[in-house]
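# Survey of secondary and tertiary structure
Listed below, chain by chain, are the residues.
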Protein chains: 2
Amino acid sequence: MKKGQVTIKDIAKELNISCSTVSRALKDFPGISPNTRKAVKELADKYNYRPNAVALSLRNQRTNVIGVIIPETVHFFFSTVISGIEDEAMKEGYNVMICQSIESFEREADSIDALMSARVDGLLVDISRETSDLAHLQKVVEEGVPMVFFDRLVEGMNAPSVIVDDYQGAYDAVEHLIQQGCKDIAHLAGPGNLIIGRKRIEGYTSALEDNEMPIKKDFIVECRNGTQEEAEQAMDQLLASGKKIDGVFANNDMAALGALKSIKKAGLKIPEDIAVIGYSDWQFCSLVNPSLSSVSQPGYEMGKEACKLIFKEINKTNIEKSTIKILDTEVVVRESSNKLGVIQPLAN
Amino acid sequence: MKKGQVTIKDIAKELNISCSTVSRALKDFPGISPNTRKAVKELADKYNYRPNAVALSLRNQRTNVIGVIIPETVHFFFSTVISGIEDEAMKEGYNVMICQSIESFEREADSIDALMSARVDGLLVDISRETSDLAHLQKVVEEGVPMVFFDRLVEGMNAPSVIVDDYQGAYDAVEHLIQQGCKDIAHLAGPGNLIIGRKRIEGYTSALEDNEMPIKKDFIVECRNGTQEEAEQAMDQLLASGKKIDGVFANNDMAALGALKSIKKAGLKIPEDIAVIGYSDWQFCSLVNPSLSSVSQPGYEMGKEACKLIFKEINKTNIEKSTIKILDTEVVVRESSNKLGVIQPLAN
DNA sequence: AGACTTCGTGCAAACGTTTGTGATGAGAAT
DNA sequence: ATTCTCATCACAAACGTTTGCACGAAGTCT
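Criteria and cut-off values
Residues numbered from 1 in each chain as written. Chains lettered and ligands numbered in written order. Predicted model: local features only at pLDDT ≥ 70, side-chain atom pairs only at ≥ 80, totals over all residues. Heavy atoms only, no water. Helix = DSSP H or I, 4+ residues; strand = E, 2+ residues; numbered from the N terminus. Contact = heavy atoms within 4.5 Å. Polar contact = N/O pair within 3.5 Å; in protein donor to acceptor, adjacent residues only side chain to side chain. Buried < 20%, exposed > 50% of the residue type's maximum accessible area, 1.4 Å probe, protein only. Arc of directions from axis to C-beta. Domains from an automatic or database assignment. Pairing = 2+ DSSP bridges. Axes fitted to C-alpha atoms, helices over the stretch in contact; angles between N-to-C directions.

### Structural notes on the environment of Asp 165 of chain A
All names here are of chain A. Relative to the helices and strands, Asp 165 is located in the loop between strand S5 (161-164) and helix H8 (166-179). Each C-alpha atom of the pair Asp 165 and Asp 151 lies 10.0 Å from the other, and the pair is 14 residues apart in sequence. Look past the residues within four positions of Asp 165 in its chain and what remains in contact with it is Tyr 279, Ile 326, Leu 327 and Thr 329. In this structure the side chain of Asp 165 is engaged in a polar contact, spanning 3.0 Å, whose partner is the backbone nitrogen of Gln 168.

Put into structure tokens, the structure is as follows:
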């Protein structure tokens, strides 16, 4: 009695009936007398019986658990994704196992192994930066375990993905600056080796082209690390060069913050002289001075969508493996780019 | 062959030997001929055999999974805790199941049920704000499942806790202001019904007492919501009242931010005229202007400690159920309170 | 009274793994 | 030749649950 949680066996023994009867009584199967049914249910209630999910998993060959591999849990964006996954999973009666790869290939591979060993019903993975060898992921699809990628696109893998439209986000941001009256827009770009950064550059140039504005190579400055200081220096140089600049689209919010600093240092007004917009819509955007416009990425929604996709796969709804669900970003206008002074819906 | 992952049975069948032999061969048990051992291992390797953790859990009556209940994943502090838990758990070969309660009692109870059903080996819980009825937690201890509370203290429950020393953190913050030369320190307090807020008020008053400074009731202003706007208004009033104030200790960083705004608005200099320090050391502290001093809470460490405690319980190391592990906070000095201009170690 | 349904229940197998015990054979010791 | 000792393996049970099948008793129909 004192050891662990109550099982069907315990109930059966106490009532001098068989396990099968208890099982059927609990699930209101036909063919059980009302008396037995009542007795079983009362005892189950009294002892706080909870079905053993482990035993069920073994029998049903499905665990009702989905595994998540994510670079880190501590970044705002990632934590919103996790939140979305968790909410959606709970709604479907699933539990979530989370492993962080910390951008390490080895840890990613180990985590996949652990989750496969746990026989998760599906795998949601945001691949680590370090990962180029895809063998460990290949095994997953070979063994028939549903997998969905999110956030970072993985090419050459037979699994659906849900990502954010970086191209369009950048496009929208730049178009917003143009609408605010900016004529000479610089771009503090991300490292060129990341797809994500290239997509944003493309969005930037397309927006300029579509508005018949010239694309100047020297207006695109690469900021490799994406730190505030780096961007501040880059902006310092841009301003010092004497180029006429009245708008800045930064590849990320930290860089935008660096730009803000530099511009203020130069004695210019934001957004009147130079409007600034960042990317990611981190929490601090609304807290800095001036508050920072940014492009918000739908992390929560991404988590939910990835979850929905994996459920479809698990339930064998025939789903095109090459599906790529692209989620829309949203330009959140705050002081740093609001030259026209149009009132915006509360963005915080 | 095509269905799911390979099992010991599959290997046994292919080699025409029994499951037990395969099992023993894989684990290098004595009494297995080198030939058999080799054949088994090769096949296991070829088919990428992974032990079925579900079956193992059932047999061993332990899942190697710990469950975590946390209000939300999206807050910086919580996400650092999760990170700590995950790292420590992985180190011990455990997986982590996370459920967010979203501060809802009902969802907390449901999550506990789900995790108990999953037969987690231990439960790490940060109780929701809404929870006052502890019956669902009581059941957990009655059924002998190890449980450890973290972050928020739960009284009257027979389980260890790991928390942060709110009293000392507040004390240190105020003492820091005093060391910087502040004589008249106001406190933007949290809601009086939360233990956490009361502890900080105590720390505030004790620091003043120990430095033989008077405690003025009207220098403690309650900010119920903890929002920036609320704190800004409160600070406005304090300044308008004509009271001499040269230091502010805010119950949280948002409130501190409101104070900063108000003080700047009044044309006063920070920290020269008024020094400000917040609480929690959120990410944005180093990004605002002036950068905000704060009291950092060791979330990551808290996660690790909670994990270590639960492992001790799981392994029946006799551990005093009433253990309360109290973690130290740390004052992170930035511009908003650095009147003396002493160089501090990089706090970002 | 026999055959046939109906009701309530029990048996056994299965999911994958481990492990105590028992079986088989070969070779060594008597 | 008989017994004994290893070495090598197989069997079966157990973990908790579900479910197809069978079984006995009672009732219903001819």
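Following the structure, the description resumes.
### Examining helix H2 (residues 19-26) of chain A
Side chains that are three or four residues apart share a direction in an α-helix, a result of its 3.6 residues per turn. Residue and element names in this part refer to chain A. Of all the positions in H2, only Thr 21, Val 22 and Ala 25 are classed as buried. All buried residues of H2 lie within an arc of 100 degrees about the axis, which places them on one face of the element. Downstream of H2 by a residue or two, Asp 28 has a phi angle that is positive, lying close to 55 degrees.

### What about the domain arrangement of chain A?
Interface size, as often reported, equals the accessible area lost upon joining of the parts. Domain annotation of chain A identifies domain 1 (8-51), domain 2 (63-159 + 299-326) and domain 3 (166-293 + 333-337). Domain 1 of chain A and domain 2 of chain A are separated by 38 Å when their C-alpha centres are compared.

### A look at the side chain of Ser 294 of chain A
All names here are of chain A. Structurally, the position occupied by Ser 294 is in strand S10 (residues 294-296). The exposure class of Ser 294 is buried, given its relative accessible area of 0%. At 2.7 Å, the side chain of Ser 294 forms a polar contact with the side chain of Asp 253. Not counting residues within four places of it along the chain, the set of residues in contact with Ser 294 comprises Asp 253, Ile 277, Gly 278, Tyr 279, Ser 280, Asp 281, Cys 285, Glu 330, Val 331, Val 332 and Arg 334.

### Comments concerning the sheet that holds strand S8 (residues 247-250) of chain A
The pairing of strands in a sheet happens through backbone hydrogen bonds and is either parallel or antiparallel. Residue and element names in this part refer to chain A. Read from one edge to the other, the open sheet built from 4 strands follows the order S7-S6-S8-S9, with strand pairing classed as parallel. The sheet is open, and its two edges are formed by strand S7 (220-222) and strand S9 (275-277), each paired on a single side. Each neighbouring strand pair of the sheet contributes to a mean axis angle of 15 degrees, computed without reference to strand direction. Here strand S6 (residues 185-189) runs beside S7; their pairing, made up of 3 bridges, is parallel. Counterpart to His 187 in the pairing with S7 is Ile 220. Contacts from helix H9 (residues 195-210) reach S6, S7 and S8 within the one sheet, and its direction differs from that of S6 by about 170 degrees. Packed on one face of the sheet, helix H11 (residues 253-265) meets S6, S8 and S9 and runs near 160 degrees to S9.

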